[in-house]
Amino acid sequence: MPERVQLRSTVAVVDRGALAHNLRVVDELVDGAGVLAVVKADAYGHGATVAAQSFLQAGAWGVAVSLVEEALELRGAGIGGPIVVLGGVVRGTAEHVVVHRLTPIVWNVDQLTQLAAAVRALGARPLPVHLKLDTGMTRLGVRPGQLAQVLEWFVRDAGHTLVFEGVLTHLACADDMSDTDTSRRQLQDFAACLGTIAACGLRPRFRHVCNSAGLARFPAAHYDLVRPGIVLYGSAADPSVQVAGVRPCMSVQARLLTVRELPAGTRVSYGGHDTLTRRSRVAVVPLGYADGYARNMSTKAHMLVRGRRCRVLGAITMDATMLDVTELPDVEAGEPVVALGSQAGERLTVRQLADWAGVLTYEVTCAISKRVPRRYQ
Ligand SMILES: *Cc1c(COP(=O)(O)O)cnc(C)c1O
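All of the points below concern the structure found in this document.

### Quick word on the overall build of the chain
Part 1: Helices and strands together make up the secondary structure of the chain, namely 11 helices and 20 strands.
Part 2: Evaluated residue by residue, the chain yields a buried proportion of 54% over its 377 residues.
Part 3: Put simply, of all contacts in the chain between residues at least 6 apart along the chain, 66% involve residues at least 24 apart.
Part 4: Carbon and sulfur atoms make up 51% of the accessible area of the chain, which totals about 16,600 Å².
Part 5: Of the side chains in the chain, 40 bear a positive and 34 a negative charge, and the two mean positions are spaced by 2 Å.

Okay, here's the thing in structure tokens:
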């Protein structure tokens, strides 16, 4: 595909130094455990290749994605080292997994036989896999009650095809400070399953449980690897599980497209939801919901111009957002504007945007669309 020329001013600036810094903060926090850095969904919008490079250079054990497609993109970009595929082995993907030496998450015998067949057919070296246990997330994984048949496969049928390298589970309520029972029960069930696995003579090298919230809350559950995502991008699911010392990694910036002076009483944008109460200076920012600037922030969000918070006027449109710059009489078209990140000492955080939009912190950077070029610095 030909590269698109970039003429518009709108850009998402991604700070590689902050990505590496956050990896090191987590690495120090989890002490003896390694870090399996989660870069699924294009590294939560930051760009999977650059994020994976930054994390691996900063000392991550490996990276994790959701889809085989995402893993292939990373291999294609020259990323070596372990790439764990959290979404598992979908039918028809086993060959890709083996050829590109991906580390798939597995949870049933069907997946194991498909992978083993691919290893044999390709005459490949034994492939490491990680077994997922469903201890209460009720998404992916083998329920403890069905664990025996999967273990039996490893003992009897694995031969030289697959290596039982890792075992994991995922916490459902790690970010909910009011709920310790669910996590405690999940951790107990996981420990019990580890006992069952050991009793079969199986010795997976890597046991892993904790996402970002989990690693902040349950130091005793760091095991051999942790699987953080959001903390590596400087944010958290909830302020109560925010890791101290991490830095935000993305800033969304543009330049004002036009600035006009308009009389009191003028209604702004689709539906006319804002009526100017005074003679106002109204700027147009070339950033809209097609760029991932959430439409439910209409009339609520602010952007920064010259370090000052300016409110969004009326409805956010597909390609543009209007801004009240009345307090800044000499601002003209071309003036830099920040929709996410900092400017002249003032800051708009991911959490602030999430609150305005009524969404999760995760969604804010994931939503910044492909139409907004990433600029790495
Ligand atoms: C996305 C994901 C993570 C990372 O979660 P964060 O809350 O972003 O730290 C870890 N493990 C699994 C299985 C995931 O799907």
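### Some points on the packing of aromatic side chains
Each aromatic ring pair is described using two quantities: the centre-to-centre distance and the angle formed by the ring planes.
Part 1: For the structure on display, the rule yields 7 aromatic pairs.
Part 2: Judged by centre distance (6.0 Å) and plane angle (40 degrees), the ring pair of Tyr44 and Tyr362 falls under tilted. Here Tyr44 is found in helix 2 (residues 40-44), whereas its partner Tyr362 is found in helix 11 (residues 361-367), with 318 residues between them in sequence.
Part 3: Judged by relative accessible area, which is 25%, Tyr362 ranks as partly exposed.
Part 4: Measuring from centroid to centroid gives 4.7 Å for Trp61 and Phe206, while their planes differ by 50 degrees, and the two rings are tilted. Placement of the pair is Trp61 in the loop between helix 3 (48-57) and strand 3 (62-65) and Phe206 in strand 8 (residues 206-208), with a sequence separation of 145 residues.
Part 5: Among the aromatic residues, those joined into a cluster by ring pairs are Tyr44, Phe55, Tyr233 and Tyr362.

### Considerations on empty space enclosed by the protein
Part 1: This structure, assessed with the given rule, holds 2 cavities of 30 Å³ or more.
Part 2: Roughly 60 Å³ of internal volume is contained in the largest cavity.
Part 3: Taken together, Ser212, Ala213, Ile230, Ser235, Ala236, Ala237, Val241 and Tyr362 form the lining of the second largest cavity.

### Regarding the layout of surface pockets
Part 1: Roughly 510 Å³ of internal volume is contained in the second largest pocket.
Part 2: The wall of the second largest pocket is formed by 28 residues, among which Lys40, Tyr44, Arg139, His170 and Asn211 lie closest to the centre.
Part 3: Taken together, the elements giving at least two residues each to the lining of the second largest pocket come down to helix 2, helix 9 (212-217) and helix 11.
Part 4: Among the elements that take part in the lining of the second largest pocket, helix 2 stands out by supplying 3 residues, more than any other.
Part 5: For the lining of the second largest pocket, the class distribution of residues is 17 nonpolar, 6 polar and 5 charged.

### Let's talk about the site of the ligand
Part 1: As a structural note, the neighbourhood of the ligand is formed by 14 residues, with Lys40, Tyr44, Ser212, Ile230 and Tyr362 the closest of them.
Part 2: In this structure, Ser212 approaches the ligand through a side-chain N or O atom, which is 2.5 Å from an oxygen atom.
Part 3: Measuring from an oxygen atom of the ligand, one finds a backbone N or O atom of Ile230 at 2.8 Å.
Part 4: The fraction of the free accessible surface of the ligand (390 Å²) that becomes covered by protein chains is 94%.
Part 5: At a threshold of 2 Å from the grid points, most atoms of the ligand map onto the second largest pocket.

### Focus on the packing of helix 6 (residues 109-122) against helix 7 (residues 147-156)
Part 1: For the pair helix 6 and helix 7, the least separation of the axes is 10 Å and the interaxial angle reads 20 degrees. When the axes of helix 6 and helix 7 are compared, the pair comes out roughly parallel. Facing helix 6, whose interface residues are Val109, Leu112, Thr113 and Ala116, helix 7 presents Gln149, Val150, Trp153 and Phe154.

The rules behind each value
Residues numbered from 1 in each chain as written. Predicted model: local features only at pLDDT ≥ 70, side-chain atom pairs only at ≥ 80, totals over all residues. Heavy atoms only, no water. Helix = DSSP H or I, 4+ residues; strand = E, 2+ residues; numbered from the N terminus. Buried < 20%, exposed > 50% of the residue type's maximum accessible area, 1.4 Å probe, protein only. Contact = heavy atoms within 4.5 Å. Areas by Shrake-Rupley, 256 points an atom, 1.4 Å probe, with all protein chains shown as cover. Lys, Arg positive; Asp, Glu negative; His and termini not counted. Charge placed at Lys NZ, Arg CZ, Asp CG, Glu CD. Phe/Tyr/Trp six-rings, centres within 6.5 Å; stacked < 30°, edge-to-face > 60°. 1 Å grid on protein atoms, 1.4 Å probe; cavity = no way out; pocket = protein on both sides within 12 Å on 5 of 7 lines; lining within 4 Å. Points joined across faces, edges and corners; volume = space filled by probe spheres on them. Nonpolar A, V, L, I, M, F, W, Y, C, P; charged D, E, K, R; others polar. Near = heavy atom within 4 Å. Polar contact = N/O pair within 3.5 Å; in protein donor to acceptor, adjacent residues only side chain to side chain. Sits in = over half its atoms within 2 Å of the grid points. Axes fitted to C-alpha atoms, helices over the stretch in contact; angles between N-to-C directions. Parallel < 35°, antiparallel > 145°, perpendicular 65-115°, else oblique.

None of the figures reported here should be taken as evidence of function without further support.
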